[in-house]
Structures are given as structure tokens and as C-alpha cells.
Amino acid sequence: QKEVEQDPGPLSVPEGAIVSLNCTYSNSAFQYFMWYRQYSRKGPELLMYTYSSGNKEDGRFTAQVDKSSKYISLFIRDSQPSDSATYLCAMGTGGYNKLIFGAGTRLAVHP
Amino acid sequence: GAVVSQHPSRVICKSGTSVKIECRSLDFQATTMFWYRQFPKKSLMLMATSNEGSKATYEQGVEKDKFLINHASLTLSTLTVTSAHPEDSSFYICSASGRTYEQYFGPGTRLTVT
């Protein structure tokens, strides 16, 4: 079993839809949870960073962490074609330790 | 937000030559830098972790004599691919962590070995 599981998609939605992206994990020691967006042939861009459980909102993006279920989510409201990218979840135990990445979910938002 | 640059963005080299890729944190001091490799439509594969002034820690299966990493200052790390072969062709991405532990990624370097 992988430490972090993420459905690779692809996920195709119409413009304006609410998108839900999810990851599950097995290591209960993970404390830091991040979501990155990666456009084709570019480096990943940090979207959301959450410590421990709870919700965090930034504009159209909401990140949720449920440590009891070992499940994290990223919601995108009012999705736009410019949101079309690969979304990677990542998590770590803290400090400068390495992050463990999910496989990435490819999202396509069509007009 | 924190900015990380990489140079060059693209490089084509002949088999047997060495290539150096630079990773710089432009507006923060990077205590730790990471080097990743990414194949098309695949996730990131961590190659090594480097701390300023220390030897890099390589992931299992990564040849440290082939992928030389130097982290000489708090804003610069370099990856040198020695005696490159076509199978080393890939997208190489660095990331940097400062005081707040988040990793910020560079734009990546596409290496093609002919």
C-alpha cells in the first residue's frame, strides 16, 4: 500500500462547477498537508498549506484535513478553464523532512 | 510568495558530457533544498535532500556519484549530472524550504541527452 493514495483522473468538469480532489494516507505521523498545482512543463505551485486537522480557505480554494479518517480534500469553487492542471497532494511529518506526494489528479475545466 | 529559480530551463547535451543545473531561492534563505525528477505524466520522484554546508542525503536507488549535489550557500544548490546518458533525459525540479517548512518549487529544467 502506498503511503499516499490519489486518484490520477483525469477529471473533466464544466466551467463553474465545484471540484473536489482527495487524497488518503496511511502514516498517522503526518502533520503538514499541502496542495500543489502543476501546469504542463512547469514546476508545482503551492496552493494551500495546512497544519493538523481542520479547514483552510483562500479565495475559491478550500482545503480540509480529517486526521481521524486520514483523508484530505481540496475544493475549488466556480472552477475556471485556467484551473485546468494537475493537482498534487503532499504531506510530511514536520520540520525539514521530505514530503510524500500523491500521484496527482489531472483536472480539465471546459468552457 | 517565495520565489525559486532554476537555470537553465532547457538543456540539450551529448552523451558522456556533464550538465550543471542551478537552483536559487531569490527572496528567502533556504535551509533545505530538494531535488526531484519527473517523468511525463508522472508524479515527482525525490532524488536527494540537501542542507546548506552538509552532504546531500540521497534516496534509495539514486547514484550519488552520478548526480552530484552541492548546497554551498543558503540561496544556491546545484545538481550536476555526470557522464549523462539518454536515460537521464528528464524534467528536473528543485524545491526549497525556509523557516516555515513549506516547499517552494522552481520552474524545472528539461534535460535532453542525445
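Our subject is the structure listed above.
All values derive from a computational prediction rather than experimental measurement. (Residues numbered from 1 in each chain as written. Chains lettered and ligands numbered in written order. Predicted model: local features only at pLDDT ≥ 70, side-chain atom pairs only at ≥ 80, totals over all residues. Heavy atoms only, no water.)

Student: Give me the overall build of chain B: which residues, what numbers.
Tutor: For chain B, the count of helices and strands is zero helices and eleven strands. In chain B, the order of α-helices and β-strands from amino to carboxyl end is β-β-β-β-β-β-β-β-β-β-β. With the C-alpha coordinates aligned to their principal axes, the bounding extent of chain B is approximately 40 × 25 × 20 Å. Evaluated residue by residue, chain B yields a buried proportion of 51% over its 114 residues. Looking at chain B alone, contacts between residues at least 24 apart form 54% of all its contacts between residues at least 6 apart. Split by element, the accessible area of chain B, about 5700 Å² in all, is 51% carbon and sulfur. (Helix = DSSP H or I, 4+ residues; strand = E, 2+ residues; numbered from the N terminus. Buried < 20%, exposed > 50% of the residue type's maximum accessible area, 1.4 Å probe, protein only. Contact = heavy atoms within 4.5 Å. Areas by Shrake-Rupley, 256 points an atom, 1.4 Å probe, with all protein chains shown as cover.)

Student: Mind laying out the interface of chain B and chain A, listing which residues take part and the relevant values?
Tutor: On the chain A side, the residues contacting the 25 residues of chain B number 20 residues. Summing both sides of the interface, chain B and chain A together bury roughly 1700 Å²; the carbon and sulfur share of this comes to 59%. At the junction of chain B with chain A, the criterion picks out one salt bridge. E59(B) is the salt-bridge partner of K98(A), the closest N and O atoms lying 2.8 Å from each other. One can count five residue pairs in polar contact (both at pLDDT 80 or more) joining chain B with chain A. Elements supplying a minimum of two residues to the side of chain B that touches chain A: β4 (32–38), β5 (44–51), β9 (90–97) and β10 (103–105) of chain B. If you tally residues by element for the side of chain B that touches chain A, the top one is β4(B), at four residues. Classifying every residue of the side of chain B that touches chain A by side-chain character gives ten nonpolar, nine polar and six charged. (Buried area = accessible area lost by both parts, 1.4 Å probe. Salt bridge = Lys/Arg side-chain N within 4 Å of Asp/Glu carboxyl O. Polar contact = N/O pair within 3.5 Å; in protein donor to acceptor, adjacent residues only side chain to side chain. Nonpolar A, V, L, I, M, F, W, Y, C, P; charged D, E, K, R; others polar.)

Student: Quick one: what's the story with the pattern of salt bridges, residue by residue and with numbers?
Tutor: Residue and element names in this part refer to chain A. A complete count under the given rule lists six salt bridges over all chains for this structure. In this structure, D83 engages R60 in a salt bridge whose closest nitrogen and oxygen atoms are separated by 2.9 Å. You can see D83 sitting in the loop between β8 (71–76) and β9 (85–92) and its partner R60 sitting in the loop between β6 (54–58) and β7 (61–66), a full 23 residues away along the chain. Exposure remark for R60: the relative accessible area of 25% places this residue in the partly exposed category.

Student: Break down the state of the cysteines for me, with residues and values.
Tutor: Where two cysteines share a covalent bond between their sulfur atoms, that bond is called a disulfide. Residue and element names in this part refer to chain A. Within this structure, the stated rule accounts for two disulfides over all chains. Here C23 pairs with C89 through a disulfide, and the sulfurs are 2.0 Å apart. Taking the torsion about the sulfur-sulfur bond, which here is approximately -100°, the covalent link between C23 and C89 counts as left-handed. Of this pair, C23 sits in strand β3 (residues 19–25) while C89 sits in strand β9; the two residues are 66 residues apart in sequence, bridging distant segments of the chain. Across the pair, exposure class does not vary: C23 and C89 are buried alike. (Disulfide = S-S within 2.5 Å.)

Student: Lay out the sheet that holds strand β8 (residues 76–81) of chain B in plain terms, naming residues and giving numbers.
Tutor: Residues and elements named next belong to chain B. One open sheet holds the four strands; their spatial order is β1-β3-β8-β7, and the pairing between them is antiparallel. The open sheet has two edge strands, β1 (4–7) and β7 (67–73), and neither has a second partner. Each strand of the sheet is rotated relative to its neighbour by a mean of 15°, with strand direction disregarded. When strand β3 (residues 19–25) meets β8, the two strands line up antiparallel, connected through six bridges. Bridge pairing in β8 places I21 opposite L79. (Pairing = 2+ DSSP bridges. Axes fitted to C-alpha atoms, helices over the stretch in contact; angles between N-to-C directions.)

Student: Go over the packing of aromatic side chains with me, naming the residues and quoting the values.
Tutor: Considering all chains together, one arrives at eleven aromatic pairs over all chains under this definition. Centre to centre, the rings of F101(A) and Y36(B) are 5.7 Å apart; their planes meet at 90°, and the pair counts as edge-to-face. Residue F101(A) is located in strand β10 (residues 100–101), and its partner Y36(B) is located in strand β4; the two belong to separate chains. Judged by its relative accessible area of 1%, Y36(B) falls in the buried class. The rings of Y36(A), F101(A), Y36(B) and F105(B) are connected pair by pair, giving a single aromatic cluster. (Phe/Tyr/Trp six-rings, centres within 6.5 Å; stacked < 30°, edge-to-face > 60°.)

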